[in-house]
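# Structure assessment
Letter by letter, the chains look like this.
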Amino acid sequence: MRFGVVVFPGSNCDHDAWYAFSQNLGHSAEFIWHDSHSVGDVDAVILPGGFSYGDYLRCGAIAKFSPVMGAVRKFADQGGLVLGICNGFQILVECGFLPGALIRNRDLRFVCRDVTLRIETTNSPFTCAATKGQLIRVPVAHGEGCYFADDKILDQLEAEDRVIVRYMDNPNGSLRDIAGICNEQRNVMGMMPHPERAADELLGSTEGRVILESMVASLVTKAGK
Amino acid sequence: MASQLPPDEMAKVRAILQREPTETELGIFNVMWSEHCSYKSSKIHLKTLPTENPRVLVGPGENAGIIDIGDNIAIAFKIESHNHPSFIEPFQGAATGVGGILRDIFTMGARPIAVMDAIRFGPLDDPQNGERNRRILTGVVEGIAHYGNCFGVPTVGGETQFEACYNGNPLVNVFALGVFKHDEIFFGKATGVGNPVIYVGAKTGRDGIQGAAMASEEFSENSASKRPNVQVGDPFMEKLLLEACLEAMHTGAIVGIQDMGAAGLTCSTCEMGSRAETGIEIDLKYVPQRETGMTPYEIMLSESQERMLLVAEKGREEEVFAVFRKWGLDAATVGVVTDTNKLIVRDHGEIVADIPNRELADEAPLYDRPHNVKPYRTAPMEAPKFESKDLKADLLTMLASGDLCSKRWIWQQYDYTVRTNTLAGPGGDAAIIRIKETDTSIAMSLDGNGRYCYLDPREGTKLLIAECCRNLSAVGAEPVAATNNLNFGNPERPEIMAQLVESIQGIGEACRFFDTPITGGNVSLYNETLGEAIWPTPVMGIVGLMKTGLPVTIPFKNEGRTVMLLGGVGSSDETRMGGTQYAKNVLKTIWGLPPALDMDYEKRVQTATREVVRAGLAESSHDVGAGGLAVALAECCANGIGAALEVKSTLRPELALFHEGPSRVLVSTTSPEAVEKIAKAHNIECVRLGVTMKEQLRIDDSSKTLIDVPVKQLREVWELGLEGLLHPVHV
């Protein structure tokens, strides 16, 4: 499978995502520059972590206007898989792919640590290889990762089974412990934790791989149809 | 601005120029000959340090030292202080400290892969200064986090300590390390007469003017007025600059490059020319500026951040410009390399400075400042009478103290896992970063101990080098090279100069002995406020090499394992307890001497430790350091597994449990015989202390129980200590 990792000025987990998909999982991965008007010939797009355009205004607010996001929208509209990790999640929310907002962490400090996530549903291309209720340990590293939305949206997300992962030990004050959600069509997911940082035995946890491997599995299934 | 040069230096300037200097020239000399840039008080002593071994590719004098780690891979690393700016403006001061050292690394062509910080403050519960100290710490930590996290380099370790001497003089020392291939190394040399000199990165503003000169003075009541001397950092810009510089280097069109750090455009132009024995001629009208009406003096001395100066091959400028355009950065040709050996600065054609490069960059006046007196100290030699009433309470007090408590509150604000190389992050004896291109990993340790060095600068310094190397050995790494940051008071006072000289001699002795040459570093003098000097605080950063693999960490992992003390219980006496954490936190005083170090024995303990760890015999491993054996054991209980132990010693319990004698490492193992065999082969003591068990730490001596405490209680006071100090409950 071919994974395209978008590089914004200020992305700093682009190489980590590239490494996880290409070296840890053995698939092909390539970078997509932010001023591209096409995502190219890829099977899935990754919006990596970092500080796109410095994120001095509001995380993801400038990335929203980059040419590549138009291409990502087109790709997503056609059913392509898009995973936004950390800053990628913030960008997806800013662009309106996903509802709600990511605001400053509850205690107003950047937080970097391992968290335990619970897989809330396997009905998504990002968790189809997991089991419901499975606990995975992956790192978070963000200053603005508190998921916020009004009750109506939160209820709707839950009713539509769109909360994909929840924190067992909420590090940032996210409402209803939400760590990751998907869109209505279920092909676009955003999550604050970093599954690509938990994909290598040497780093102490490979439990993030289930997210990445689910994407591969769903792409294989799709290709077989 | 009036001249700040002393009369004799002023005379030397006139002799070099053979005329009166212009205002711009005077500013240039003032900053280049500042203590910060010229090392004029320390250089003759620094020259005595060992700087070579077969691994060293580039030693002191460049932006960073470089060592070979095999497989055609090299690492560049260095430590820098940003003490003065961090006191005046903690957030930006610390942030730009990180930014500055990162540029030192990538200007050589290396991609930064790790940062560590050694930070020191006045006590957080200081009755007079506590609130300010808490604010400084919070600001410094946020500044480091802000810059490193956004730039995308993991902050993987460091140390945080508190002493009253840092009340008016906090220390912020930042270490950075980068990796590259041997053929990717760049130097700050302006070679090739006729080649264009190109300015890249952020525009020049009025910030930080004369910052290096400020860092070479003591603080007074007027220090608040120095706030404009502190620069403002933009980590996003730096990230772009990193990517653009590395990409531009790959075009092959760049012949030399240097960052604009301290002394900005001045330092980069004259140093690049001096190194290459060429001249540089620039016209300031081409320098990208973000303010209008800046004078030549201001442009030359601005310390605006995130700027680089590079020399490209003539005719290939466009290749360089294309890369910087791609990254949205300014790049402008500002001048040309000449054969005059001079730095010539024009302002719209008119010459405003015309100075011989070498004299400016390399021939600053050097001083052999008087130091033939005893190093400054007022602490008594004799120990007070002391006897513990409650050893358990003493241990808990120490674990909750600023120096010994967990620093998790700090390091959780740093992204330590970005770049997916962090095998062991903050909180361990040494941080470990893998190099993806090889099966070699880099271990690194930062250490300082103002307390020991105050009591005996030479022995204290040797002790902390031994400790750094022991930290590396505890994770199985072989120490290979070092960088140092010398934080001292006013060198014009002989008793302070004596501290500096003794300490440098200690570095020489220990680094020679452990074969960890100094590849570069930084000297920060004049750390005094209102005449009060900090304790002598050399900070060492030592790197080690190891085979990539799962790390051995501090906490006990399983019940029923044998707990062993490599090196033995060690010895001490009342005098040598005076610099310990026990003296500090329980007795609240300082006296006597630092612990005694036998370097030969130390080396054998380290070799044995590495062998034990590398053979896979250690399930856990932890160096015994500050706080002594009892504190080290408590730290081993951090995962919830405790131990039942017996400490056999002729020392009385306070000494046996809390003395800080070096050359000791704790391991837990399933194969005690194998560990003993290795210890015997290296002719070191190795004691079986007892066995790990659930939930309780119990330490007996041969007749009675000394400490018996639930692991949960140890953890609580240790983990919450810092937050308790940062957020005191006001009654």
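Residues numbered from 1 in each chain as written. Chains lettered and ligands numbered in written order. Predicted model: local features only at pLDDT ≥ 70, side-chain atom pairs only at ≥ 80, totals over all residues. Heavy atoms only, no water.

With that out of the way, let us pick up the overall build of chain B. A count of helices and strands for chain B gives 24 helices and 28 strands. Radius of gyration (C-alpha) of chain B: 26 Å, near the 27 Å computed for a compact globule of 731 residues. Its C-alpha atoms give chain B principal-axis dimensions of roughly 85 × 50 × 50 Å. Counting only residues that meet the buried cut, chain B has 66% of its 731 residues in that class. Sequence separation of 24 or more characterises 84% of the internal contacts of chain B that already satisfy a separation of 6 or more. For chain B, the exposed surface amounts to about 24,200 Å²; the carbon and sulfur share of it is 49%. (Helix = DSSP H or I, 4+ residues; strand = E, 2+ residues; numbered from the N terminus. Rg over C-alpha atoms; globule rule 2.2 N^0.38 Å. Buried < 20%, exposed > 50% of the residue type's maximum accessible area, 1.4 Å probe, protein only. Contact = heavy atoms within 4.5 Å. Areas by Shrake-Rupley, 256 points an atom, 1.4 Å probe, with all protein chains shown as cover.)

Moving on, we come to the overall build of chain A. When its secondary structure is counted, chain A shows 5 helices and 11 strands. Here the C-alpha radius of gyration of chain A, 16 Å, is about what a compact globule of 225 residues would show, namely 17 Å. Considered along the principal axes of its C-alpha atoms, chain A spans approximately 40 × 40 × 35 Å. When each of the 225 residues of chain A is scored for burial, the buried share is 62%. Excluding contacts between residues fewer than 6 apart, the proportion of contacts in chain A whose partners are at least 24 apart in sequence is 74%. When the accessible surface of chain A is summed, it comes to about 8,300 Å², and 50% of that surface belongs to carbon and sulfur atoms. Charged side chains of chain A number 21 positive and 27 negative; the gap between the two group centres comes to 4 Å. (Lys, Arg positive; Asp, Glu negative; His and termini not counted. Charge placed at Lys NZ, Arg CZ, Asp CG, Glu CD.)

If you look at the interface, chain A gives 26 residues, while chain B gives 30 residues. Of the roughly 2,400 Å² buried where chain A meets chain B, counting both sides, 60% is carbon and sulfur surface. Area buried by chain A at its contact with chain B is led by R109, C112 and L202 of chain A, which between them contribute 24% of it. Linking chain A with chain B are 2 salt bridges. Note that D200 of chain A and R434 of chain B form a salt bridge whose closest N and O atoms lie 2.7 Å from each other. Where chain A touches chain B, the interface holds 8 residue pairs in polar contact (both at pLDDT 80 or more). Elements with a contribution of two residues or more to the side of chain A that touches chain B: helix 1 (14-24), strand 6 (111-119) and strand 7 (135-142) of chain A. Grouping the constituent residues of the side of chain A that touches chain B by class yields 14 nonpolar, 5 polar and 7 charged. (Buried area = accessible area lost by both parts, 1.4 Å probe. Salt bridge = Lys/Arg side-chain N within 4 Å of Asp/Glu carboxyl O. Polar contact = N/O pair within 3.5 Å; in protein donor to acceptor, adjacent residues only side chain to side chain. Nonpolar A, V, L, I, M, F, W, Y, C, P; charged D, E, K, R; others polar.)

It is worth spelling out the environment of K603 of chain B at this point. All names here are of chain B. Examined against the element boundaries, K603 turns out to sit in helix 20 (residues 599-614). Given the relative accessible area of 33%, K603 is considered partly exposed. Measuring from C-alpha to C-alpha, the distance between K603 and H682 comes to 9.6 Å, with 79 residues separating the pair along the chain.

Moving on, we get to the nonpolar core. Core analysis: the largest hydrophobic core is formed by 143 residues, its most contacted members being L47, V72 and L83 of chain A together with F324 of chain B. Setting aside residues up to four positions removed in sequence, F324 of chain B forms contacts with V200, L241, A244, C245, A248, L310, L329 and A331 of chain B. The next biggest cluster of nonpolar side chains, apart from the first, holds 45 residues, and it includes A583, I641, L651 and W718 of chain B. (Core = buried A, V, L, I, M, F, W, Y, C linked by side-chain atoms within 4.5 Å.)

Following the criterion strictly, the structure yields 61 salt bridges over all chains and no others. For the salt bridge of E120 of chain A with R166 of chain A, the shortest nitrogen-to-oxygen distance reads 2.8 Å. With E120 of chain A in the loop between strand 6 and strand 7 and R166 of chain A in strand 9 (residues 163-167), this residue pair connects regions lying 46 residues apart in the sequence. Under the relative-accessibility criterion, R166 of chain A is labelled buried at 14%. Between E716 of chain B and K712 of chain B there is a salt bridge, with the nearest N and O atoms lying 3.7 Å from each other. Pair noted here: E716 of chain B and K712 of chain B are both in helix 24 (residues 711-726), with a separation of 4 residues, about one helical turn. For E716 of chain B, a relative accessible area of 42% corresponds to the partly exposed category. When its relative accessible area of 60% is taken as the criterion, K712 of chain B is described as exposed.

Residues and elements named next belong to chain B. Although it is not a glycine, R419 sits at a positive phi angle of roughly 80 degrees. With respect to the helices and strands, the residue R419 is situated in the loop between helix 15 (408-411) and strand 14 (422-424). With relative accessibility at 12%, the residue R419 sits in the buried group.

Moving on, we come to the confidence of the model for chain B. Summarising the model, chain B shows a mean pLDDT of 94, and 97% of its residues fall at 70 or more. Among the prediction metrics, the complex's ipTM stands at 0.97, with pTM recorded as 0.96. (pLDDT = per-residue confidence, 0-100.)

All names here are of chain B. Pairing within the open sheet is mixed, and its 6 strands lie in the order 1-2-3-6-4-5. Only two strands of the sheet have a single partner each, and these edge strands are strand 1 (56-58) and strand 5 (155-162). Each neighbouring strand pair of the sheet contributes to a mean axis angle of 20 degrees, computed without reference to strand direction. Judged from the 5 bridges that link them, strand 2 (residues 65-70) and strand 3 (residues 73-81) form a sheet pairing that is antiparallel. In the sheet register, G70 faces strand 3, and the bridge partner there is I73. This element, helix 6 (residues 90-106), spans strand 3, strand 4 (111-121) and strand 6 (171-181) of the sheet and lies at about 25 degrees to strand 6. (Pairing = 2+ DSSP bridges. Axes fitted to C-alpha atoms, helices over the stretch in contact; angles between N-to-C directions.)

Glancing now at the packing of aromatic side chains. Residue and element names in this part refer to chain B. Following the criterion strictly, the structure yields 15 aromatic pairs over all chains and no others. Geometrically, the ring pair formed by F106 and F151 is stacked, given 6.3 Å between the ring centres and 15 degrees between the ring planes. Remark: F151 occurs in helix 7 (residues 130-151) and F106 occurs in helix 6; sequence separation between them is 45 residues. Under the relative-accessibility criterion, F151 is labelled buried at 2%. Residues F513 and F514 carry aromatic rings whose centres are separated by 5.2 Å and whose planes lie at 85 degrees to one another, so their mutual orientation is edge-to-face. Residue classification places F514 among the buried positions, given a relative accessible area of 7%. (Phe/Tyr/Trp six-rings, centres within 6.5 Å; stacked < 30°, edge-to-face > 60°.)

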